[in-house]
Amino acid sequence: ARGVRIHAGKDKQGTPSWADLVGQAPPSTPDTSAKESKPPAALGSILIGGLDIQNAALTWEDRSTGQTVNITDLDITTGRLVFGEPIDLNIAFNAAANQPELAAGTTLTGQIHYNIDDKKYAVKALTFASQLTSSNIAGGTADISMTADISADLNADTAALTSLVVDALETRVT
C-alpha cells in the first residue's frame, strides 16, 4: 500500500472519532442452511510475499486538549511471510507533536521468530534508533539507540531481554 492517510482524534468533548463505528451490533442469527464445507487450508501452506506499506501518514488530533501528533513518511516492510519461518521487520517514520513540542526520525528493525505450538516468541537483533529534536532537549537534539534480543515463553510465563545496549544523551548502558 502506498500513500495511505489515516486521521483520528477526539472532539472538544473528548469523544473519539471512531465512537460511531463501534456501536452495539444487532444480534445475529446463525445460518442453518446446508452448505458444502471445505476443510480450512493448513497455515503451513500459506505464503505471502510480505508486507509493504510506503509513505503512509497518521494524524492524531485531540481537540479536547489541543494536542496534535503527526506520523509521516511511514514505511513498514517485511520479508516473505511463510508460516513457521522468521519474519524480517523494518519500520521507519518521522513523527512530530505539539504537546510536548517534539520531532523524531525513527527506525526499528528486527527479526521475529515464533513457535505458536510451543508459545515461544522472540525478536532477534532488535534495533531502534531515533533522532529527537525539541526545544526541551539541551542542545536541541538527542540521538537515542537501542539494540537487544527479546524472547517470551508463554507456557513458562517468562520473558527475557538480552544483549541490551542503550545509547542516549552521551551515555551507554549495557
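Our subject is the structure listed above.
Residues numbered from 1 in each chain as written. Predicted model: local features only at pLDDT ≥ 70, side-chain atom pairs only at ≥ 80, totals over all residues. Heavy atoms only, no water.

A.B. asks: Hey, could you run me through the side chain of Asp 62 in this one?
C.D. replies: Relative to the helices and strands, Asp 62 is located in strand β3 (residues 52-62). Although Asp 62 is buried, it makes no salt bridge; Lys 10 carries the closest opposite charge, 4.3 Å away. Separated by 2.4 Å, the side chains of Asp 62 and Ser 64 make a polar contact. Leave out the neighbours within four places in its chain, and Asp 62 touches Lys 10 and Gln 67. (Helix = DSSP H or I, 4+ residues; strand = E, 2+ residues; numbered from the N terminus. Buried < 20%, exposed > 50% of the residue type's maximum accessible area, 1.4 Å probe, protein only. Lys, Arg positive; Asp, Glu negative; His and termini not counted. Salt bridge = Lys/Arg side-chain N within 4 Å of Asp/Glu carboxyl O. Polar contact = N/O pair within 3.5 Å; in protein donor to acceptor, adjacent residues only side chain to side chain. Contact = heavy atoms within 4.5 Å.)

A.B. asks: Looking at this structure, how should I read the environment of Asn 70?
C.D. replies: Tracing the chain through its elements places Asn 70 in strand β4 (residues 67-78). A residue is classified by how much of its surface remains accessible, and Asn 70, at 29% relative accessible area, is partly exposed. Remark: the alpha-carbon pair of Asn 70 and Leu 58, spanning 12 residues in sequence, is separated by 5.9 Å. Those residues in contact with Asn 70, other than ones at most four positions away along the chain, are Leu 58, Thr 59, Asn 94, Ala 95 and Ala 96. Reaching out from Asn 70, the side chain makes a polar contact with the side chain of Thr 59 at a distance of 3.0 Å.

A.B. asks: I keep staring at the pattern of salt bridges and nothing clicks. Help me out?
C.D. replies: A side chain of one charge can pair with a side chain of the opposite charge if their charged atoms are brought near each other. This model, assessed by the stated rule, comprises four salt bridges. Between Asp 52 and Arg 2 there is a salt bridge, with its nearest N and O atoms 3.8 Å apart. In this pair, Asp 52 is assigned in strand β3 and Arg 2 in the segment before β1 (5-10), connecting sequence segments 50 residues apart. Take Asp 52: its relative accessible area is 35%, and that puts it in the partly exposed class.

A.B. asks: It is not clear to me how the environment of Leu 51 should be interpreted in this structure. Could you clarify?
C.D. replies: Of note, Leu 51 is situated in the loop between β2 (47-48) and β3. Dropping the residues within four chain positions of it, Leu 51 is found in contact with Ile 76, Thr 77, Thr 78, Gly 79 and Leu 81.

A.B. asks: Where do I start with the side chain of Ser 134 in this structure?
C.D. replies: Within the secondary structure layout, Ser 134 lies in the loop between β8 (120-133) and β9 (141-153). Classification of Ser 134 as buried rests on a relative accessible area of 4%. Separated by 2.6 Å, the side chain of Ser 134 and the backbone oxygen of Glu 101 make a polar contact.

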